[in-house]
Amino acid sequence: PTAAAMGSGGTAVLTRRGASIHSIDTAISDSIDNIFHLAWADAVCQGGVHLGSLYLRSGEGLSAANKTILEEVAVALGALRGPWIVAMDANINAAELVASSWPAVVGGVVFASDLPTCHDNTYDFIVVSHCIAHAVAGVQRVQDGGLNPHWVARLLIRGDARRKAARALVKPPLV
């Protein structure tokens with residue numbers, strides 16, 4: 001609970017037993033390290049996946065400050081090697097984020113629940129790197145998450161995600 005006796009938000013990463021999770025601090029600018037966090041988990045696909053949690057400033061929409069935050073997150077995601085998933089409490093609707101073209105800039109796909117996640121809005125959603133977007137089965141709103149007025153958003157990933165992955169040949173650089 002916070003000082004106002006309210007529940008504080010956050011994210012949780014759940015994997016099967018034996019999967020390892022490691023925090024990544026080097027890719028994140030000091031100006032956003034309290035609202036954006038990255039970790040790597042040995043899960044979802046061969047080589048693992050980077051997992052992020054992002055909270056944009058509340059009540060501002062796509063303000064200059066929130067656009068700056070998104071730009072810094074884009075830089076951090078661009079520095080990663082491999083697929084990533086970012087869970088967001090964006091404080092803007094998923095459609096507004098898509099209209100900003102930020103998901104296209106970072107090479108991501110937005111997945112959101114069909115049900116509202118904060119009052120009548122869908123502010124809580126997940127952006128998934130396009131290379132593993134095929135593995136997403138959907139997003140659920142969890143009714144009993146205990147974070148009033150928000151509902152928890154849960155990303156569901158197909159169990160056969162590795163089977164549907166496509167191998168790609170990469171031309172080696174000239175020596």
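Our subject is the structure that appears above.
The structure reproduced in this document is the subject of the present report. Here the residue index of a chain counts from 1 through its sequence in written order. This being a predicted model, a pLDDT of at least 70 is required before a residue's local features are given, and a value of 80 or more before pairs of side-chain atoms are given or counted; all residues contribute to the totals for chains, interfaces and linings. With hydrogens and water excluded, all non-hydrogen atoms of the structure serve as input to the side-chain values.

Moving on, we come to the pairing of strand β4 (residues 84–89). Buried, partly exposed and exposed residues are distinguished by accessible area as a fraction of the type maximum, computed with a 1.4 Å probe on protein chains only: under 20%, between the cut-offs, and over 50%, respectively. Helix numbering and strand numbering both begin at the N terminus, where a helix is a DSSP run of H or I of at least 4 residues and a strand a DSSP run of E of at least 2. Of all six residues in β4, five are buried, a share of seventy percent or more. At least two bridges found by DSSP between two strands is the condition for calling them paired. Bridge analysis of strand β3 (residues 49–55) against β4 gives six bridges, and the strand direction is parallel. Among the inter-strand pairings, L51 is bridged to a residue of β4, identified as I85. Handedness is read with the strands pointing away from the viewer; a crossover is right-handed when the path from the first strand over the helix to the second is clockwise. In terms of handedness, the path from β3 via helix α1 (residues 64–78) over to β4 forms a crossover that is right-handed.

It is worth spelling out the pairing of strand β6 (residues 124–129) at this point. Taking burial as the measure, the six residues of β6 include six buried ones, the bulk of the element. Residue alternation in β6 divides its side chains into two sets, D124, I126 and V128 and F125, V127 and S129, and both sets are buried. In terms of strand pairing, β4 meets β6 through five bridges, oriented antiparallel. Its bridge partner lying in β6, M88 is registered against F125.

With that settled, consider the side chain of S129. Structurally, the position occupied by S129 is in strand β6. Residue contacts follow a heavy-atom distance rule, with two residues in contact if any of their heavy atoms lie within 4.5 Å. For S129, the contacting residues outside a window of four places in its chain are P83, W84, G107 and G108.

By themselves, these are just geometric observations and shouldn't be taken as functional.
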